[in-house]
Amino acid sequence: MCNFRLWMSFHYSIHTGAGLIVTEVLEDGNVRVDMGEPILKASDVPTKIPANKDHAVVKSVLTVDGTVWNGTCVSMGNPHCVTFGRKGFENLIADELKLAEIGPKFEHHVAFPARTNAEFVQVLSNSHLKMRAWARGSGGTLACGTGACATVVAAVLEDRAGRNCKVDLPGGKKIIMST
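Just so it is clear, the structure is predicted and the values come from calculations on it, not from any experiment. Once a new chain begins, its residue numbering starts again from 1 and follows that chain's sequence as written. Owing to the predicted nature of the model, reporting of local features is limited to residues with pLDDT of at least 70; listing and counting of side-chain atom pairs is limited to 80 or more, with chain, interface and lining totals taken over all residues. Side-chain metrics rest on all non-hydrogen atoms present in the structure, leaving aside hydrogens and water.

## Points about the sheet that holds strand S2 (residues 19-25)
The line we're drawing: Strand pairing follows a simple DSSP-based rule, namely that at least 2 bridges must link the two strands. Numbering of helices and strands runs from the N terminus, with a helix taken as a DSSP run of H or I at least four residues long and a strand as a DSSP run of E at least two residues long. The angle between two axes is taken between their N-to-C directions and runs from 0 to 180 degrees, where each axis is a line fitted to C-alpha atoms and a helix contributes only its stretch in contact.
Pairing within the open sheet is antiparallel, and its three strands lie in the order S1-S2-S3. Where the open sheet ends on each side, the last strands, each with one partner, are strand S1 (10-16) and strand S3 (31-34). Going from strand to strand, the sheet's axes swing by 25 degrees on average, the running direction of each strand aside. The pairing of S2 with S3 spans four bridges and is classified as antiparallel. Opposite Glu24, over in S3, you have Arg32 as the bridge partner.

This is the structure in C-alpha cells:
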C-alpha cells in the first residue's frame, strides 16, 4: 500500500486600490497575506497631526470630543489611527469601549483629510492584543486585516508588543508576523 498526500499550494493575486496583494492558501486552511510595507510618513498616511518621530506620528495626542487620546498613525494602503488609550489612562479595556459613539468621531476628525479607520487596542501581553475596529465608511466591524497589521506596527513603534502578535477581534483571531 502506498500512502501519499498531494497538496497544491494556491496563490491568488488581488488587485486593490492599494496595489497588488498576494495571498496563499496554506495546507491547514489558513491564508497568508503579504500586506506590504506600512506607510508611516504623516503626509502620506495622510494626517494633519504633526510628525514627532522620523516624519511619523507615534503616540501623539489627539483631542476627540473633549477627550485627549494617544494615537499612532499608520497606512497599510488605507489610513489608520491606532490608540491604546486616553492620555493618562493607557490601559484601554476593549470590551468597555463605546465604539459606536467614539468611532465616527475619529473617522471624521479634522486631523484626517481622507477620514481614517480607528483601532482601539488593549495589550494583553507582548504577543497578544485585543482590538476593536471602526472602518471608515462602514462603521464598527468584526474584523479588519489592514487594521490588525496597523495595530501591530503601532504596538511595535510604541514599545508595547513584539513584531509577532495574535490579535483578537470580535470576528476571530489573526496572527500578524512582520519581517
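## Side note on the pattern of salt bridges
We apply this condition: Any carboxyl oxygen of Asp or Glu within 4 Å of a side-chain nitrogen of Lys or Arg constitutes a salt bridge here. Here the term buried applies to any residue with accessible area under 20% of the maximum for its type, exposed to any over 50%, and partly exposed to those in between, with areas from a 1.4 Å probe on protein chains only.
This model, assessed by the stated rule, comprises five salt bridges. For Lys130, the salt bridge goes to Asp95, with nearest N and O atoms at 2.7 Å. Separated by 35 residues along the polypeptide, Lys130 in strand S8 (residues 128-135) and Asp95 in the loop between strand S6 (79-86) and helix H1 (99-107) bring together distant segments of the chain. Look at Lys130 and you get partly exposed, because its relative accessible area is 24%.

## Brief notes about the pairing of strand S7 (residues 117-125)
Basically, it comes down to this: Here a crossover is taken to be right-handed if, once the strands point away from the viewer, the path from the first strand over the helix to the second is traced clockwise.
Looking at chain direction, S6 and S7 are connected through four bridges and run parallel. Counterpart to Thr83 in the pairing with S7 is Phe120. For the handedness criterion, the β-α-β arrangement of S6, H1 and S7 is classed as right-handed. Hairpin connection, S7 to S8: the antiparallel pair is bridged by two residues.

So yeah, pure geometry; function would need other evidence.
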